[in-house]
Amino acid sequence: MSRPELTGAAANFYNDTEARKYDTNSRMIGIQAEITQRALELLQLDDSFPNFILDVGCGSGLSGKVLEEAGHYWCGLDVSRDMLNVASERETSTKGDLAHHDMGTGLPFRAASFDGMISISALQWLCYSNSSKQVPKRRLVRFFSALYGVLKRGARAVLQFYPETPEQAVLISECAAKVGFAGGVVVDYPNSTKAKKHYLVLSFDRGYSTPKGLQSAAQAGVRVDSSGSSKRVKVVKKKGKGKTKEWIEHKKEVQRKKGFENVRKDTKFTGRKRKDKF
Amino acid sequence: MKLLTHNHLRSNVRTATTGYPLIITPTEIRVTDTEYNDKFVKHVMQNVNWPVLVQAASQCGITTLPPTIPPNLTSDTSFLQALHHVLVNVNVVSGVLKCPDTGREFSIRDGICDFMLEEEECENVKI
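Rules behind the numbers
Residues numbered from 1 in each chain as written. Chains lettered and ligands numbered in written order. Predicted model: local features only at pLDDT ≥ 70, side-chain atom pairs only at ≥ 80, totals over all residues. Heavy atoms only, no water. Helix = DSSP H or I, 4+ residues; strand = E, 2+ residues; numbered from the N terminus. Buried < 20%, exposed > 50% of the residue type's maximum accessible area, 1.4 Å probe, protein only. Contact = heavy atoms within 4.5 Å. Areas by Shrake-Rupley, 256 points an atom, 1.4 Å probe, with all protein chains shown as cover. Phe/Tyr/Trp six-rings, centres within 6.5 Å; stacked < 30°, edge-to-face > 60°. Lys NZ or Arg CZ within 6 Å of the ring centre and 35° of its normal. Buried area = accessible area lost by both parts, 1.4 Å probe. Salt bridge = Lys/Arg side-chain N within 4 Å of Asp/Glu carboxyl O. Pairing = 2+ DSSP bridges. Axes fitted to C-alpha atoms, helices over the stretch in contact; angles between N-to-C directions. Parallel < 35°, antiparallel > 145°, perpendicular 65-115°, else oblique. Left-handed = near helix turned anticlockwise from the far one by under 90°. Nonpolar A, V, L, I, M, F, W, Y, C, P; charged D, E, K, R; others polar. Patch = residues over 30% accessible without salt bridge, like charges linked within 9 Å, V, L, I, M, F, W, Y side chains within 5 Å. Lys, Arg positive; Asp, Glu negative; His and termini not counted. Charge placed at Lys NZ, Arg CZ, Asp CG, Glu CD.

Caption draft 1: Region of interest: the overall build of chain A. In terms of regular secondary structure, chain A is built from 9 helices and 7 strands. Here chain A holds 278 residues, and the buried ones make up 49% of them. Here the analysis covers contacts within chain A between residues at least 6 apart in sequence; of these, 67% occur between residues at least 24 apart. Surface summary for chain A: the accessible area is close to 14,600 Å², and the carbon and sulfur share equals 52%.

Caption draft 2: Representation of helix α5 (residues 81-89) of chain A in the model. Those residues of α5(A) that fall on the buried side of the exposure criterion are A:R81, A:M83, A:L84, A:V86 and A:A87. Of the surrounding elements, those touching the buried residues of α5(A) are α2 (16-24), β2 (73-78) and β3 (96-100) of chain A together with β3 (105-109) and β4 (112-114) of chain B.

Caption draft 3: Local environment of the packing of aromatic side chains. Residue and element names in this part refer to chain A. Evaluation of the coordinates by the stated rule reveals 13 aromatic pairs over all chains. Look at F52 and F114: their rings are 5.0 Å apart centre to centre, the planes differ by 35 degrees, and that puts the pair in the tilted class. With F52 in strand β1 (residues 52-56) and F114 in strand β4 (residues 114-120), this residue pair connects regions lying 62 residues apart in the sequence. One aromatic cluster in this structure is built from F13, Y14, Y22 and W125. One residue, R38, lies across the ring of Y199, its end atom 6.0 Å from the ring centre. We note R153 situated over the ring of F204; from NZ or CZ to the ring centre the distance is 4.3 Å.

Caption draft 4: Molecular detail of the interface of chain A and chain B. Across the contact, 44 residues belong to chain A and 39 residues belong to chain B. Summed over the three residues of chain A that lose the most area to chain B, namely A:Y73, A:R81 and A:R110, the buried surface amounts to 19% of that side. Counting across the interface, chain A meets chain B through 3 salt bridges. In this structure, A:K133 engages B:E120 in a salt bridge whose closest nitrogen and oxygen atoms are separated by 3.0 Å. At the level of secondary structure, the elements contributing two or more residues to the side of chain A that touches chain B comprise β2, α5, β3, α6 (136-150) and α9 (245-257) of chain A.

Caption draft 5: Seen up close, the sheet that holds strand β5 (residues 151-161) of chain A. With respect to topology, 11 strands assemble into an open sheet ordered β6(A)-β7(A)-β5(A)-β4(A)-β1(A)-β2(A)-β3(A)-β4(B)-β3(B)-β2(B)-β1(B), the strand pairing being mixed. Strands at the two margins of the open sheet, each flanked by one partner only, are β6 (182-188) of chain A together with β1 (23-31) of chain B. Within this sheet the neighbouring strands show an average axis-to-axis angle of 20 degrees, counted without direction. In terms of strand pairing, β6(A) meets strand β7 (residues 197-203) of chain A through 7 bridges, oriented antiparallel. Across the sheet, the residue bridging to A:V186 is A:Y199, located in β7(A). Strands β1, β2, β3 and β4 of chain A of the sheet are contacted by helix α4 (residues 62-69) of chain A, whose axis makes an angle of about 165 degrees with β1(A). Where helix α7 (residues 166-178) of chain A meets the sheet, it contacts β5, β6 and β7 of chain A, and its direction lies at approximately 10 degrees from that of β7(A).

Caption draft 6: Region of interest: the pattern of salt bridges. In this structure the tally under the stated criterion is 17 salt bridges over all chains. For A:R38, the salt bridge is made with A:D188, and the minimal N-O distance between the two is 2.6 Å. With a gap of 150 residues between them, A:R38 in helix α3 (residues 26-43) and A:D188 in strand β6 connect regions that are remote in the sequence. Here A:R38 falls in the buried class, since its relative accessible area comes to 8%. A salt bridge links B:E121 to B:R104; the shortest N-O distance between them is 2.7 Å. In this pair, B:E121 sits in the segment after β4 while B:R104 sits in the loop between β2 (90-98) and β3, placing the two residues 17 residues apart along the sequence. We classify B:E121 as partly exposed; its relative accessible area is 24%. A relative accessible area of 23% places B:R104 in the partly exposed class. Via salt bridges that share partners, A:K252, A:E253, A:R256 and A:D266 belong to a single interconnected network.

Caption draft 7: Region of the structure containing the packing of α3(A) against α4(A). Residue and element names in this part refer to chain A. Where α3 contacts α4, the axes come no closer than 9 Å and their chain directions differ by 50 degrees. By the angle between their directions, the pair α3 and α4 is classed as oblique. Crossing of α3 against α4: the hand is right-handed. Contacts between α3 and α4 involve I29, Q32, A33, T36, Q37 and L40 from the former and L62, S63, V66 and L67 from the latter. Of the residues contributing to the contact of α3 with α4, the split by class is 6 nonpolar, 4 polar and no charged.

Caption draft 8: Fine view of a positive patch on the surface. On the surface, a cluster of positive charge is made up of A:K137, A:K178, A:K243, A:K251, A:K258 and B:K126. Here B:K126 is to be found in the segment after β4.

Caption draft 9: Seen up close, unusual backbone geometry. A cis amide bond, omega -5 degrees, links B:Y20 with the succeeding residue B:P21. Secondary-structure assignment places B:P21 in the loop between α1 (3-8) and β1. With a phi close to 50 degrees, A:Q44 is a non-glycine residue in the positive phi region. Topologically, A:Q44 is positioned in the loop between α3 and β1. Although it is not a glycine, A:A112 adopts a positive phi angle of roughly 50 degrees. Note on placement: A:A112 falls in the loop between β3 and β4. When its relative accessible area of 26% is taken as the criterion, A:A112 is described as partly exposed.

Set out below in structure tokens:
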């Protein structure tokens, strides 16, 4: 089967008929439930109370059902309105809530909202652009930096995805490392074509090492070294032409948004040109 | 959309400074009946923005919440039950959410809020 990601936007692919097919296909239900179980296991939640979990790419709510069975409350986002309609028809759902949203545009939540985050078979969609304005890397970085904000400190995120090429897996993990996440990709059943699953496991804890993938322990997965990638970024910066006015203004704006109070005011002198000394 | 979710929602359009809290203008509200979950209410309490919840509830026509959290929480089961009711059982089925900074409106249909943004509206990130 060709990859649905190559056919266009997710919202167009998962239309009403496709959504209904997806929701009633017993094979799909089985796979999605199994992956969600595994994602929950990797999430290592504190089970002494029900958690509030974000589900990005919740689709028709198959993963939400598993979360509910585990006793958690959840909030699901999806880009396909048809999938969400199927999800909202589910009578039994009392602990979930849904919103129509594209993960590449950031996340519409305040800081430190969730105890954990899962995403099942959705992340790879961000690697494709469906209009000239969409830049995959920008959308990935925007998603991860928003995710960094909405998770409670100490929370973890588990994102199962289907990379088309190894480069995609590397791109995704690099973007996650760039915004400050530690963690890496766990590959379950790496030697099987069908059962092989990629899980991106992210944590705030610098010393966090990803759990081992299931079955053959030989290949544990790509390790993301976030300190290494930030070094690489610094090298690029040095080559630049120095700090421009735009750069300074952007930096100050970011500081203000973070709530720093002693940020200098923007004046006509901000980032002015200095005299050449030589 | 539950008020629990609303308490965490913010507008993330580029021009919004905080985008929080979103103003609810409901046209239809449905109150469901779900099982009271003691542990969850106590856990989620710590993270709820109380003034925002009170405001949201009053926008939905519920004025029974006290303006401040009662101090003797753990013993007051009736208060926790009422809180659970407001957080989980009250659903905004249709209406509009409005960003307090930019006035950008997000419509709610069939309980699902539409947060789709155009690429121009999204926050800038450096890549």
